Amino acid sequence: MDATVTTDAATTRPRLAGFARGIHLPFQGDPLDWLEEHVQFPHSARSTRFTRQQGPWWNDVIAQFSNPRTRQIYVRACTGAGKSTLLEALSTLIVAHDPGPSLFVTQTDQTAVDWMEQRLLPVLHGCQPVAALMPSNRFKVRKDAIIFPHMALMAGGANVSNAQEKSVKHLFLDEAWTYSNLIGQFKARHHDRFDRKTVIVSQAHEEPHQLDDEWDAGKRHYWAFDCAACGQLIKPDWTNYKYDEVKNEHGEWQWGALSASVRHVCPHCEHETPDTTQARRALADRSRWVAEDGDAMEGHVSYWLPAQCVWWIKWADLVISWVRANDAKHLGLLEPLKDFKMKKLAQPWPKELELPSVEMEAADYNAADMEDGRAITDEMIRLMTIDVQQDHYWAVIRAWTNSGTSRLLYCGRVLTLDKLREIQTRYKVADKKTCMDAGNSFHGVVYDRCAQYGWTALIGRGEDWFSSKNKQGRTVRRLFSKPDYVPAPTTKSKQTGRSAMVLFFHWASDPVKDVLARLRTIGSPTWEFPHDVPREYLLHLNSERKRDVVDKITKRTRKRWTKTHRPNHLWDCEAMQVVVAMMLGALPDLSEDVVDESAVTE
Ligand SMILES: [Zn+2]
C-alpha cells in the first residue's frame, strides 16, 4: 500500500500514469501556494477556497507538516478554530505530494464515516490534482477508506480494533481528549517508520491524560502579537480581556452594556483594542507562533490556540460565557467553568478540582415548619418530582430561588396516587411543575396520571446533551430536550374527546447527576435539607457512584453514574429537581452554542 511511486512506475505500470502526470515528487514549492491554487471547501458557506489569510495560525502548522524532519504536531485548539480546514488541506497534500498509508481517527466509527462522506470526499473531488488520482473502481471508494492506486486513506473511530491494524505513515488523531488510553496504541501503528508523522488536533482534556505527555514532548508554541502602541510581545492571556461589571439595581447582569465594554488591554502599556471584527482581524494579521523555552523531543511541536486568538469569535461572547460560568461556580456548579477552560481557553482541567465529598450536613430548619405550604424567602418556583415504582411512589418537593439556592420541603415514600395529589395540593405546587418519571416500564400509566392532573413527564436518557434553539434562534446543546407531547393511552381530553396530550422532556441523566453531586457537596445554605430528614433520604442520596462503563456501541470507556446496592429513588427525584430548575431558570441551564466548524467567518 505504501509503494514508493516514481515516474519509472508510471511508465512501466500504465494505471499509475494519471498519477504521475498529476504530481511532482518530491514537492519543492510552497505548500500554501499549492493549497491556494487547488483546494476548495464545497461545504463551507463563506470561505470556499483555501486562503492563507483565513486561519493564519494553520500556515506554520502546514509548513511544519511538510518538513521531512517533523514527527509529531499537536495543536491544542479551542472549538471553532477551523480545524477541519487543516485536516482536509493536509489530506490533499498527502495524496498529491507525500503519499503513504494514512489513518484519520475520530471519536467513533460513525463520526469517521460521516466525516469521510460529507467533508473529505467533496474536498478531494474538488481538488483537481487529487481528483485525477481518485480510483475509478467504485469499490475502492469505501465509506471508511479510499484505496488510491498509490496509497490508502482510511478513517475510523477511536476503538481497540482500529488501533491494532497494519502500519501507517500518517496518523491523525482528531479530538483525542475523548480517548486517553488509546493514543499510545494508535501511535504504535507507525511501527517506528522513519517517515512517520502524527498530527493531534483536539480541545483540552481532563487531567491526568495521555495528552499531557504528548504536549510536553513537543516544542511549545503560543499565538502572540506585538502591541500596536508599545511594541512588546503579548501572550494570549485571558486576563488581558477586560469588561465592566454592569448590573442593574436587582443585581442582574446587563449583557448589552457589559458586551459593549469588552476590550483587550495591553499588560505592558494599557493600550486598548476594541472588540470589533476589524480589530480582531488586524491582531490576527500581526500575530505569529512564538516558541517557549524548554526541552522537547526532536521533530515534535506543540501549539496552543485559545478562542480569544480566533478572529471570528467575538470576545464579548467569550466574556458572557465566562461571567455565567463564574456565577455557576459560586452555586457549586463547576461544569460551565470546566467547559469554558477546556473548549474555549483550550486549557486542561485538573480532575481533583471536582472530587465529591458525600458528607452531608443538614440546614437549620425542620421539615414540619414547611408543611403548611408557606413560601421561602425569595422563592421563585417550587417543584415536585416523583419516582414511580410497581406499587408505590417516591416524591421530593423543593423550593428554588432565582439565585439558584433551594430548600427541601418534603421527601418520602407515598403509597397512593390520591396521597400524592394531596401532598402536591398542600404544598401548593403548580400542576405543570409536578413532574413524574416516565423512564420506566410503567410509562403508559404515568402518561395517564400526567394527563389526569396536568403534570409533566420526564424521561432520563444516556445522552450527554440534546440539540435545542435558544431565544436568539441559535442552536445550542442543553441537558434537556425540546418540549414534546405524547398521547395518554386511555385518558381523553375533555375539550376534544380525543386522547389527552402529555407534555414531556428527555433529560441527560449523567451530566445532571454531576450537577446534583456538586450541589450535594456544597450543601447548606445553597442546597438545603432539614434536620429531621428521613434516614432513607441520606441513604438514597449516597446510592450512586461514578464508575467506568464500557459503551456497548463505541466500546469506549466512560464514567457513568451507576447504582450501588442501595435504593436510589430520592436521588433520582433530586436529579429531576435539578433539570427542571435548569429549564425554568432557577439554575443556569448549562446550554452551549453548537460550533459549526465550517462557518469560519462571521
Ligand atoms: Zn502595549
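Definitions and limits used
Residues numbered from 1 in each chain as written. Predicted model: local features only at pLDDT ≥ 70, side-chain atom pairs only at ≥ 80, totals over all residues. Helix = DSSP H or I, 4+ residues; strand = E, 2+ residues; numbered from the N terminus. Buried ≥ 20, exposed ≤ 12 C-beta atoms within 10 Å, placed from the backbone. Domains from an automatic or database assignment. pLDDT = per-residue confidence, 0-100. Contact = placed C-beta atoms within 7 Å. Pairing = 2+ DSSP bridges. Axes fitted to C-alpha atoms, helices over the stretch in contact; angles between N-to-C directions. Parallel < 35°, antiparallel > 145°, perpendicular 65-115°, else oblique. Left-handed = near helix turned anticlockwise from the far one by under 90°. Arc of directions from axis to C-beta. Nonpolar A, V, L, I, M, F, W, Y, C, P; charged D, E, K, R; others polar.

A look at unusual backbone geometry
Link 1 in the chain: Of note, the amide linkage connecting glutamate 207 to proline 208 takes the cis form, showing an omega dihedral of 5°.
Link 2 in the chain: Mapped onto the elements, proline 208 comes out in the loop between strand 8 (206–207) and helix 9 (210–217).
Link 3 in the chain: Here the amide bond leading from serine 524 into proline 525 is cis, since omega sits at 0°, within 30 degrees of zero.
Link 4 in the chain: Residue position: proline 525 is located in the loop between helix 16 (509–522) and strand 26 (527–528).
Link 5 in the chain: With a phi close to 55°, alanine 346 is a non-glycine residue in the positive phi region.
Link 6 in the chain: Structurally, alanine 346 is set in the loop between helix 13 (335–344) and strand 16 (349–350).

Regarding the environment of lysine 187
Link 1 in the chain: Assignment of secondary structure puts lysine 187 in helix 8 (residues 183–187).
Link 2 in the chain: In this structure lysine 187 comes out as partly exposed when scored by C-beta crowding, with 18 C-beta atoms within 10 Å.
Link 3 in the chain: Residues lysine 187 and arginine 461, spaced 274 residues apart in sequence, show a C-alpha to C-alpha distance of 35 Å.

Quick notes on the domain arrangement of the protein
Link 1 in the chain: Examined at the domain level, the protein breaks down into domain 1 (7–222) and domain 2 (367–593).
Link 2 in the chain: Relative placement of domain 1 and domain 2: their C-alpha centres are 45 Å apart.

Side note on the confidence of the model for the protein
Link 1 in the chain: Scored by pLDDT, the protein comes out at a mean of 88, with 92% of its residues at no less than 70.
Link 2 in the chain: Between the elements of the protein, mean pLDDT differs from a low of 35, seen in helix 1 (residues 7–12), to a high of 98, seen in strand 1 (residues 72–77).
Link 3 in the chain: Within the model, the stretch residues 1–25 combines pLDDT values under 50 with 34 contacts to residues more than four positions away or in other chains.
Link 4 in the chain: Every residue in residues 596–602 is under pLDDT 50, and counting partners more than four places away or in other chains gives 23 contacts.

So, the pairing of strand 2 (residues 102–106)
Link 1 in the chain: Strand 2 sits mainly inside the fold: five of its five residues count as buried.
Link 2 in the chain: Alternating positions in strand 2 separate into two faces, Ser102, Phe104 and Thr106 on one and Leu103 and Val105 on the other, with burial throughout.
Link 3 in the chain: Here five bridges tie strand 2 to strand 5 (residues 152–157), and the two strands are oriented parallel to one another. Each bridged residue has a counterpart across the sheet, and for serine 102 the counterpart in strand 5 is leucine 153.

Regarding the sheet that holds strand 13 (residues 272–274)
Link 1 in the chain: Spatial strand order, 11-12-13: three strands in an open sheet with antiparallel pairing. Here the strands that pair on one side only, and so sit at the sheet edges, are strand 11 (241–242) and strand 13.
Link 2 in the chain: Two strands pair when backbone bridges link them, and strand 12 (residues 263–265) and strand 13 are joined in this way by three bridges, in the antiparallel orientation. When the bridges of strand 13 are listed, histidine 264 appears paired with threonine 273.

Regarding the packing of helix 4 (residues 57–65) against helix 5 (residues 83–97)
Link 1 in the chain: Running from N to C, helix 4 and helix 5 point in directions that differ by 30°, and their axes come no closer than 11 Å. Between helix 4 and helix 5, the crossing angle belongs to the class labelled roughly parallel. Classified by chirality, the crossing of helix 5 by helix 4 is right-handed. Residues Trp58, Val61, Ile62 and Phe65 of helix 4 pack against Thr85, Leu86, Ala89 and Leu90 of helix 5.

Brief notes about helix 14 (residues 417–426)
Link 1 in the chain: Of all the residues in helix 14, the buried ones are Leu420, Ile423 and Gln424. Projection of helix 14 onto a plane perpendicular to its axis shows the buried side chains occupying an angular sector of 100°, all on one side. Among the exposed residues of helix 14, those oriented more than 90 degrees off its buried face are Asp418, Glu422 and Thr425.
Link 2 in the chain: Structurally, helix 14 contributes buried residues whose contacts are with strand 17 (379–388), strand 18 (393–401), strand 19 (406–414) and strand 20 (434–437).
Link 3 in the chain: Backbone geometry just downstream of helix 14 places lysine 428 in the positive-phi region, at approximately 60°.

Quick notes on the pairing of strand 9 (residues 219–226)
Link 1 in the chain: Here four bridges tie strand 9 to strand 15 (residues 300–305), and the two strands are oriented parallel to one another. Bridge pairing in strand 15 places tyrosine 222 opposite tryptophan 304.
Link 2 in the chain: Pairing between strand 9 and strand 14 (residues 288–291): four bridges, direction antiparallel. Bridge assignment links histidine 221 to a residue of strand 14, and that residue is alanine 291.

A word on the packing of helix 5 against helix 6 (residues 109–125)
Packed helices, taken two at a time, are described by their axes: the angle between them and the distance between them.
Link 1 in the chain: Look at helix 5 against helix 6: their axes get within 10 Å of each other, and the N-to-C directions meet at 45°. One way to sum up the angle between helix 5 and helix 6 is to call them oblique. Once helix 5 is placed against helix 6, the crossing between them reads as right-handed. From helix 5, Ser84, Glu88, Ser91, Thr92 and Val95 reach across to helix 6, where they touch Arg119, Leu120, Val123 and Leu124.
Link 2 in the chain: Among the residues making up the contact of helix 5 with helix 6, the classes are represented as four nonpolar, three polar and two charged.

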